[in-house]
Amino acid sequence: METVRRKEIDICKGILTITMILCHCIQFFGCETEGVQKILADMINLATFSGFLFCFGYVSDLAYYRKEWKQSAGKMLKNAVRILIAFYISGIAYVALVEQKIFRWDFIAEVLLLKKFPGWSEFLASFVAVLLVGILMFPLMKRINGWIVLFLSLLSILSCWLPYENIHNSWLALFVGSREFITFPVLQYFVYFVWGVWMCRKNKVWSKWVMLGTIVVSCPCIVFWIQQGYLPERFPLSWMFLCGGSVIVYVYYLISANLEKVRRKNNLCKWVALWLEKVGKASLYYLLLSNIFIFALDGSHFSFRSKGYAYTFFVIVILMISYLERLRDGKTKSIVK
């Protein structure tokens with residue numbers, strides 16, 4: 001039986017995908033440390049990976065955890081392999097185009113064996129690891145309730161005090177973090193996946209208690225950000241950074257749910273919702289292609305830094321991927337008549 005899609009989650013994934021591509025363009029071609037672009041990049045960094053895990057958890061409840069383990073485990077593994085291949089493509093592209101290393105099997109093997117997590121690609125490896133953990137924790141996720149959410153939330157936050165400096169294995173770093181490797185550690189971020197599963201199971205959208213909770217846990221990070229002018233430590237992950245994006249993630253979800261609700265009453269909202277939903281459904285396609293385009297430009301003589309250039313290239317990337325998607329779907333006219 002086909003899994004029912006939640007359009008508001010596809011819209012939310014669309015928002016996260018577009019903002020993530022914008023952040024990457026700012027980081028490569030803009031002024032990430034100055035003015036509006038710094039604020040944009042900081043906000044996007046706070047919420048994007050956490051937001052994707054929230055959506056990941058939400059759709060996993062629909063696609064996997066409401067079924068039996070035998071039905072779901074194979075599908076989860078298949079999805080993990082699909083994302084792992086995307087990581088390999090993005091990671092090798094980074095090594096070739098940004099680091100500009102010569103073609104050597106030892107460089108490739110580092111990526112293939114997860115001994116190296118190339119820049120702006122490591123989040124894909126973490127999605128793979130989340131799916132593997134999700135398979136192992138299948139019985140717990142199937143019985144999700146408020147106490148399980150609370151327990152795993154405390155576990156995630158407390159794990160931010162692990163001795164990161166003692167972790168030197170790349171595979172272990174993928175799950176718990178390290179000062180030696182740039183990763184999005186699954187143990188710490190798993191709280192967002194669990195939150196998504198719970199929100200789906202309870203069919204929750206607006207909740208004053210959820211909003212209050214996200215505001216409270218986000219406050220230390222926001223206060224730190226305002227006072228210091230920069231975010232708490234992200235690599236390795238600090239508890240303030242982990243919690244800081246929760247209110248933004250919830251606001252993204254509320255915006256998405258409301259867009260889905262009013263799309264029938266307003267043509268502009270309908271167009272925006274349809275476009276974001278389309279992007280969200282093809283989020284991996286957009287993220288992978290945008291990485292390749294960004295890496296290729298960064299390694300070329302066309303690359304330079306300016307505020308206008310970052311925004312311009314962002315628009316060009318979105319237009320190019322949208323056009324390629326139309327070609328892929330056969331929606332453009334053939335050159336042969």
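A brief structural summary. Just so you know, these numbers come straight off a predicted model, no measurement behind them.

Conventions used here
Residues numbered from 1 in each chain as written. Predicted model: local features only at pLDDT ≥ 70, side-chain atom pairs only at ≥ 80, totals over all residues. Heavy atoms only, no water. Helix = DSSP H or I, 4+ residues; strand = E, 2+ residues; numbered from the N terminus. Rg over C-alpha atoms; globule rule 2.2 N^0.38 Å. Buried < 20%, exposed > 50% of the residue type's maximum accessible area, 1.4 Å probe, protein only. Expected span 1.5 Å × (residues − 1). Bend = angle between axes of the 7 residues up to and from the residue. Core = buried A, V, L, I, M, F, W, Y, C linked by side-chain atoms within 4.5 Å. Contact = heavy atoms within 4.5 Å. Polar contact = N/O pair within 3.5 Å; in protein donor to acceptor, adjacent residues only side chain to side chain. Phe/Tyr/Trp six-rings, centres within 6.5 Å; stacked < 30°, edge-to-face > 60°. Lys NZ or Arg CZ within 6 Å of the ring centre and 35° of its normal. Axes fitted to C-alpha atoms, helices over the stretch in contact; angles between N-to-C directions. Parallel < 35°, antiparallel > 145°, perpendicular 65-115°, else oblique. Nonpolar A, V, L, I, M, F, W, Y, C, P; charged D, E, K, R; others polar. Salt bridge = Lys/Arg side-chain N within 4 Å of Asp/Glu carboxyl O.

Right, let's get into the overall build of the chain. A count of helices and strands for the chain gives 15 helices and zero strands. A compact globule built from 337 residues would reach a C-alpha radius of gyration of about 20 Å, and the chain, at 20 Å, matches this within 12%. Structurally, the chain occupies a C-alpha span of about 55 × 55 × 45 Å along its principal axes. Burial statistics for the chain: of 337 residues in total, 54% are counted as buried.

For helix α2 (residues 35-65), with 31 residues, the first-to-last C-alpha span of 44 Å sits near the 45 Å given by 1.5 Å per residue. Largest kink in α2: about 30°, centred on Thr-48. The buried count for α2 comes to 25 of 31 residues, which makes it a mostly enclosed element.

Further remarks concern the nonpolar core. Core analysis: the largest hydrophobic core is formed by 116 residues, its most contacted members being Phe-87, Phe-127, Met-141, Tyr-189, Phe-190, Trp-195 and Met-199. Top contributing element to this core by residue count: α2, with 15 residues. In this view, Met-141 contacts Tyr-65, Leu-152, Phe-190, Phe-193, Val-194, Val-197 and Arg-201; residues no more than four positions away in its chain are not counted.

Turning to helix α10 (residues 208-228), a few remarks are in order. With 21 residues, α10 should reach 30 Å at 1.5 Å per residue; the first-to-last C-alpha distance of 30 Å fits that figure. Along α10, the sharpest change in direction is near 45° and occurs at Cys-219; proline Pro-220 comes one to four residues later. Residues of α10 that are buried: Val-210, Met-211, Thr-214, Ser-218, Cys-221 and Trp-225. Each element contacted by the buried residues of α10 is listed here: α2, α9 (186-201), α11 (239-244) and α12 (246-262). A positive backbone phi angle near 85° is found at Gly-229, which sits one or two residues after α10.

What follows deals with the side chain of Ser-238. Position of Ser-238 relative to the elements: it lies in the loop between α10 and α11. Overall, the relative accessible area of 16% leaves Ser-238 in the buried class. A polar atom in the side chain of Ser-238 sits 2.7 Å from the backbone oxygen of Glu-233. Setting aside chain neighbours within four positions, we find Ser-238 in contact with Cys-160, Pro-232 and Glu-233.

So, on to the environment of Asp-10. Mapped onto the fold, Asp-10 is located in helix α1 (residues 7-29). Residue classification places Asp-10 among the buried positions, given a relative accessible area of 2%. Through-space distance from the C-alpha of Asp-10 to that of Ser-256 is 8.4 Å; in sequence the pair is 246 residues apart. The residues contacting Asp-10, other than those within four sequence positions of it, are Arg-5, Leu-276, Glu-277, Gly-280 and Lys-281.

Another aspect to go through is the packing of aromatic side chains. Note on aromatic pairs: each is described by the distance of the centres and the angle between the planes. Tallying each qualifying case throughout the model produces 35 aromatic pairs. Ring centres 5.2 Å apart and planes at 75° place the aromatic pair Phe-29 and Phe-313 in the edge-to-face group. In this pair, Phe-29 is assigned in helix α1 and Phe-313 in helix α15 (residues 307-328), connecting sequence segments 284 residues apart. With respect to burial, Phe-29 and Phe-313 carry one shared label: buried. A network of ring pairs unites the aromatic residues Phe-49, Phe-52, Phe-56, Tyr-65, Phe-123, Phe-127, Phe-138, Phe-184, Tyr-189, Phe-190, Phe-193 and Phe-235 as a single cluster. Seen from the ring of Phe-107, Lys-101 lies directly overhead, with NZ or CZ sitting 4.6 Å from the centre. Above the face of the Tyr-285 ring, Arg-328 is positioned so that its terminal group lies 4.4 Å from the ring centre.

So, about unusual backbone geometry. Note that the residue after Phe-235, namely Pro-236, is joined by a cis bond; omega there is 0°. With respect to the helices, strands and loops of the structure, Pro-236 is situated in the loop between α10 and α11. The backbone of Gln-100 sits at a positive phi, close to 55°, despite the residue not being glycine. When you line up the elements, Gln-100 lands in the loop between α3 (69-98) and α4 (105-112).

Between two packed helices, both the angle of their axes relative to each other and the distance between the axes serve to describe the pair. Viewed as axis vectors pointing N to C, α3 and helix α14 (residues 283-298) meet at an angle of 10°, and their least axial separation amounts to 8 Å. One finds that α3 runs roughly parallel with respect to α14. Residue-level inspection shows Arg-82, Ile-83, Ala-86, Ile-89, Ser-90, Ala-93, Tyr-94, Leu-97 and Val-98 of α3 in contact with α14, the latter providing Leu-284, Leu-288, Asn-291, Ile-292, Phe-295, Ala-296 and Asp-298. Tallied by class, the residues present in the contact of α3 with α14 amount to twelve nonpolar, two polar and two charged.

Under the defined criterion, the tally for this structure stands at 13 salt bridges. A salt bridge links Asp-10 to Lys-13, with the shortest nitrogen-to-oxygen separation between them at 4.0 Å. In this pair, Asp-10 and Lys-13 are both assigned in helix α1, three residues apart and thus about one turn of the helix distant. Both residues of the pair, Asp-10 and Lys-13, count as buried.

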